[in-house]
Amino acid sequence: MPESVLLPASYVTMAEAEPDLSTFENKSGLAEDMKFLASMPELCDVTFLVGETKEPVCAVKAVLAARSRVFHKMLYQAPSPQRKKEPPPRENKLRLFLKRSSEPLLNLQNASQQRGYTQQLASIQEPQSQQHQTLIIEEFEPDVFRQLIEYIHTGCVTLQPRTLLGVMNAADYYGLDELRRACAGFVQCCINVDTVCALLSSAERYIQYKCTKSLVQKVLEFVDEHGNEVLNLGSFTLLPQHVVRLILARDELQADEFTKFQAALMWGKKYCDNNSTTSLKDVIGNFIEYIQFHKIPANVLMREIHPLQLVPYTTLMNALAYQTQTVLTPENCPPTG
């Protein structure tokens, strides 16, 4: 048996430190090539018509199927509808006789035509896996679906607050768990005063998906803590009406009542600009019950709110009466001499 050779420690260390030159990786180049592939319709074999505008988004079926079982089932395992065989129509004896007597002549005339049709079909038909497919996607917006397709092809996508909720739900819908978890992690760092309204607006589009609820709850908790800042945002006017009502009605909202009224007024003016047939008073009336006017100082009620003629006079008088009763309670009255 050959004797074992004891190598110097320095030699072993150098051997371990040497890089493995047998393996070469260029993942960044691969990602760019795959992104280019998905951007070239002539290189793709499936086109998705996405959203209400049916915007085309191209992809490679094999890549989609390899990365998502949902896409694999959609593109390769869709069951073909089976039609019931209809019984042949009954023919009377005269028609049957005429048909039989003319069959030799017809067969002679159609034989050559039939051979021509067969050759043409053979030349133009392709296997199902090689045909270009066109599918309609109504569940997601074009920007969201395009980001999803980019991630599937390249393994990389830039998350944005405006489309974050859509991408998260799309990742969950198509079984891309790593992307869904990445979106959930990004939520923690992207919720701020500048993005909060965009996140709430996108929630309206994807309210039926399960990932929406957890994200909306986190956003509303941020709104509660930064109430005055959020209500003063210009983007607050872009929120749907029921979202505005939800925010103003929250007991946890840390905002003064006059700021809540100003936010409702700002939202109402924007709404009336887009809906000229609706009066501002009617719009403000949808939010009055969520504003505690008795907590607004009397001088502000009479100087800032009353002249607008948007809040019922009785509401303002009740608020003033409440303040008067609070001031003149026995505990607050000065002692008499």
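Residues numbered from 1 in each chain as written. Predicted model: local features only at pLDDT ≥ 70, side-chain atom pairs only at ≥ 80, totals over all residues. Heavy atoms only, no water.

You'll find the protein chain entered in an unreviewed UniProt entry as BTB domain-containing protein, with Dendroctonus ponderosae given as the organism.

**Considerations on the packing of aromatic side chains**
What the rule picks out here adds up to 15 aromatic pairs. Ring plane angle 75° and centroid distance 4.9 Å describe the contact between Y173 and Y174, whose orientation is recorded as edge-to-face. Accessibility expressed as a relative area gives 1% for Y174, which makes it buried. Against the face of Y151 rests R67, its NZ or CZ located 5.2 Å from the ring centre. (Phe/Tyr/Trp six-rings, centres within 6.5 Å; stacked < 30°, edge-to-face > 60°. Buried < 20%, exposed > 50% of the residue type's maximum accessible area, 1.4 Å probe, protein only. Lys NZ or Arg CZ within 6 Å of the ring centre and 35° of its normal.)

**Some remarks on the sheet that holds strand β2 (residues 55-59)**
Pairing is mixed in the open sheet, where three strands are placed in the order β2-β1-β3. This sheet does not close on itself; its edge strands, each paired only once, are β2 and β3 (133-137). When the angles between neighbouring strand axes are averaged without regard to direction, this sheet yields 25°. As defined by bridge partners, strand β1 (residues 46-50) adjoins β3 across five bridges and the pair is classed as parallel. Counted as the bridge partner of L49 is I136 from β3. (Pairing = 2+ DSSP bridges. Helix = DSSP H or I, 4+ residues; strand = E, 2+ residues; numbered from the N terminus. Axes fitted to C-alpha atoms, helices over the stretch in contact; angles between N-to-C directions.)

**Structural notes on the side chain of R250**
Relative to the helices and strands, R250 is located in the loop between α12 (241-249) and α13 (257-274). Judged by relative accessible area, R250 falls into the buried class, the value being 17%. Polar side-chain contacts of R250 include one of 2.7 Å to the side chain of D224. Beyond its immediate stretch of four places on either side in the chain, R250 contacts Q217, L220 and D224. (Polar contact = N/O pair within 3.5 Å; in protein donor to acceptor, adjacent residues only side chain to side chain. Contact = heavy atoms within 4.5 Å.)

**Some points on the state of the cysteines**
As enumerated under the stated definition, the model contains zero disulfides in all. Between C44, a cysteine without a disulfide, and C58, which holds the nearest cysteine sulfur, the sulfur-to-sulfur distance is 5.1 Å. Taking the relative accessible area as the measure of exposure, C44 reaches 6% and is therefore buried. (Disulfide = S-S within 2.5 Å.)

**Notes on the packing of helix α9 (residues 196-205) against helix α10 (residues 210-225)**
At a minimum axis separation of 10 Å, α9 and α10 run at an interaxial angle of 145°. As for how α9 packs across α10, the hand of that crossing is left-handed. Contact residues: V196, L199, L200 and A203 in α9; T212, V216, V219, L220, F222 and V223 in α10. Classifying every residue of the contact of α9 with α10 gives nine nonpolar, one polar and no charged. (Left-handed = near helix turned anticlockwise from the far one by under 90°. Nonpolar A, V, L, I, M, F, W, Y, C, P; charged D, E, K, R; others polar.)

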